[in-house]
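Each chain, letter by letter, is given below.
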Amino acid sequence: MNTGTITGNSDLIAAIRDRFANVDTCPFQGERIFFENAGGALTLKSVVETSAFFAGIPDNQGRDNVAAHALVDKINAAKADMALLMNAKSGQFFMGESGTELLFRLIRTACVNAPKGAKLVGSSIEHPASRSAARRWAEIAGLDYVNVPHNDETGTVTAADYAALMTPDVAVATILHASPVTGMGMDVAAISKAIRAVAPDCVIIVDGIQHAAHGQIDLAAYDVDGYVISPYKMFSRHGYGMAWISDRLSAMPHDMLINAPATGWEFGTRDTGAYATLSDVVAYFDWLGGEVSDETDPRARIEAAGRAIHDYETHLTDSMIHGIGNLPGLKDMAHVQIIAGQDNPAREGLVSIVVKGMPSPEVVRLLNEQGIRTHTRKADHYSGNVLDPLGLSDCIRISLCHYNTEQEVAQLLAALKGLGDAG
């Protein structure tokens, strides 16, 4: 019987890593440890192969020939696979330019269809993709924007925080599923329930971009109207975003071609290969679920994979914070400050830190020289909403995924310990 876990299963970890391209080397740098997953996850080898295959096909969808019919079949299969992965019982999936562009489109549509004088509620923890769209289109549509402050110490916003500012005239709401700065996940189902308890007809749109790679998505449990991901952060590739919208949002007046189907949301001919790679991603989750469980139902295998991913990534971040082997953890390094607390149950595969007395870009550079890829987040238009209240000009984001290893964590800790020893 399967153990239900990735942790400690060296054969499974090796099999997982073997499915990803450039897992331990960079074609430009050579050997490296990849702790920059929040900026874009590693790509499945199957995605690379699928992309190359479809890049060579000249045919378009919607024509009456064998190739065109096959392309449509691939797109329909990918949409069905996404419905399985995200547990969507209704609504539709469609492709756009990027996750950010799709959030703007969904929020814009919700705002311009809302009654003038109504309210839009969102939170200060959100990525600027949703916050910028909400602020801009609330003003244009004559809505009052209501900001739900997040907790600076935990890096989260809760259902109770939303409930405290809810009124019946809230027509649109935005929710961030996980923060790319703090690494903390929000309880989307609970927040949605708190919103609908006061404003049952509110259009609720979720930014799932950071969360998608770290655990299963369950749209049937969320009771929302829109959910957006960026596939390059979920083991696919750059160049497009994917949105799910409810039947209600699908039917709202929106940007479209004159006399086009009323519920059509895509502009122009989309890339069949991009759609097809999503089937590769779903097949990967299905495979992993079969490795960590004895489930035979595809959705049950996907749920098992999500649980195993979350548990293993929690193990890795706990090892990073509390130490591994004879190496002290981040919490025991006097020169390191952990953002959003050392024991935060909302953490999803990401730890942001500050090294005291050293600018974060310098730390990132020194780590990179040792083959450890991390990233600087600055108090700019991307991350100032989180860093400014903490009095921080920047931080080092260490973001991992379930293909990372304890050995990689140990090398990171040794390098960060060395920075303190050198000081």
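Further up the page is the structure itself.
In what follows, the accompanying structure is described.

Quick notes on the rules
Here the residue numbering is sequential within each chain, running from 1 through the sequence in written order. Only residues with pLDDT of 70 or above have their local features reported here, since the model is predicted, and side-chain atom pairs are shown and tallied only from 80 upward, although totals for entire chains, interfaces and linings are computed over all residues. Remark: hydrogens and water are excluded; side-chain values derive from all non-hydrogen atoms of the structure. Every helix listed is a DSSP run of H or I at least four residues long, and every strand listed is a run of E at least two residues long, numbered separately from the N terminus. For the radius of gyration, the atoms used are the C-alpha atoms, and the globule rule reads 2.2 Å times the number of residues raised to 0.38. Relative accessibility thresholds used throughout: buried, under 20% of the residue-type maximum; exposed, over 50%; partly exposed, between the two (1.4 Å probe, protein chains only). Two residues qualify as a contact provided that any one of their heavy atoms is within 4.5 Å of a heavy atom in the partner residue. Here the aromatic set is Phe, Tyr and Trp, taking the six-membered ring for Trp, and pairing holds for ring centres within 6.5 Å; pairs whose planes are under 30 degrees apart are stacked, those over 60 apart are edge-to-face, and all others are tilted. Definition of a polar contact: a pair of N or O atoms within 3.5 Å, with one able to donate and the other able to accept a hydrogen when the atoms are protein atoms, and with sequence-neighbouring residues admitted only if both atoms are side-chain atoms. Angles run from 0 to 180 degrees between N-to-C directions of axes, and those axes are lines fitted to C-alpha atoms, restricted for helices to the stretch in contact. In these notes the angle categories are as follows: under 35 degrees is roughly parallel, over 145 is roughly antiparallel, 65 to 115 is roughly perpendicular, and the rest is oblique. The crossing is said to be left-handed when, going from far helix to near helix, the turn is anticlockwise and less than a right angle, and right-handed when the turn is clockwise. Note that Gly is not counted as nonpolar here; it falls among the polar residues with everything else outside the nonpolar set of Ala, Val, Leu, Ile, Met, Phe, Trp, Tyr, Cys and Pro and the charged set of Asp, Glu, Lys and Arg. Two strands pair under a simple rule: DSSP has to find at least two bridges between them.

1. Regarding the overall build of the chain
Helix and strand counts for the chain come out as 14 helices and 17 strands. Radius of gyration (C-alpha) of the chain: 22 Å, near the 22 Å computed for a compact globule of 423 residues. Projecting the C-alpha coordinates of the chain onto the three principal axes gives extents of approximately 70 × 50 × 40 Å. The buried share of the chain, reckoned over its 423 residues, is 55%. Expressed as a percentage of contacts within the chain between residues at least 6 apart in sequence, the contacts between residues at least 24 apart total 70%.

2. Regarding the packing of aromatic side chains
Per the stated rule, a full pass over the model turns up 11 aromatic pairs. Where Phe94 meets Trp265, the ring centres are 5.5 Å apart and the plane angle is 40°; that geometry is what we call tilted. One end of the pair, Phe94, is in strand E4 (residues 92-96); the other, Trp265, is in the loop between helix H9 (247-251) and helix H10 (272-292), with 171 residues separating them in the sequence. Looking at Phe94, the relative accessible area reads 1%, which means it is buried.

3. A closer look at the environment of Thr50
The topology assignment puts Thr50 in helix H2 (residues 45-55). For the pair formed by Thr50 and Tyr275, sequence separation is 225 residues and the distance between their alpha carbons is 9.9 Å. Residues within four places of Thr50 in sequence aside, it is in contact with Gly273, Ala276, Thr277 and Asp280. In this structure the side chain of Thr50 is engaged in a polar contact, spanning 2.6 Å, whose partner is the side chain of Asp280.

4. Focus on the packing of H2 against H10
Put simply, H2 and H10 touch, their axes get as near as 9 Å, and they point 155° apart. Between H2 and H10, the crossing angle belongs to the class labelled roughly antiparallel. Classified by chirality, the crossing of H10 by H2 is right-handed. Listed contacts from H10 to Ser46, Val47, Thr50, Ser51 and Phe54 of H2 are Thr272, Gly273, Ala276, Thr277, Asp280 and Val281. Residue composition of the contact of H2 with H10, grouped by class: 4 nonpolar, 6 polar and 1 charged.

5. Section: the pairing of strand E9 (residues 226-229)
Taken residue by residue, a regular strand's side chains alternate between the two faces of the sheet. Residues Gly226 and Val228 of E9 are buried on one face, and the alternating residues Tyr227 and Ile229, pointing to the opposite face, are buried as well. In terms of strand pairing, strand E8 (residues 203-207) meets E9 through 3 bridges, oriented parallel. Within the sheet, the bridge partner assigned to Asp207 lies in E9 and is Val228. When E9 meets strand E10 (residues 241-245), the two strands line up antiparallel, connected through 4 bridges. Note on E10: the bridge partner recorded for Ile229 is Met242.

6. Observations concerning the environment of His254
With respect to the helices and strands, the residue His254 is situated in the loop between H9 and H10. Sequence separation between His254 and Leu106 is 148 residues, and the spatial gap between their C-alpha atoms is 8.9 Å. In contact with His254, other than residues within four places in its own chain, are Thr109, Ala262, Thr263, Gly264 and Trp265. A distance of 3.5 Å separates polar atoms of two side chains, one belonging to His254 and the other to Trp265.

By themselves, these figures tell us nothing about what the structure is for.
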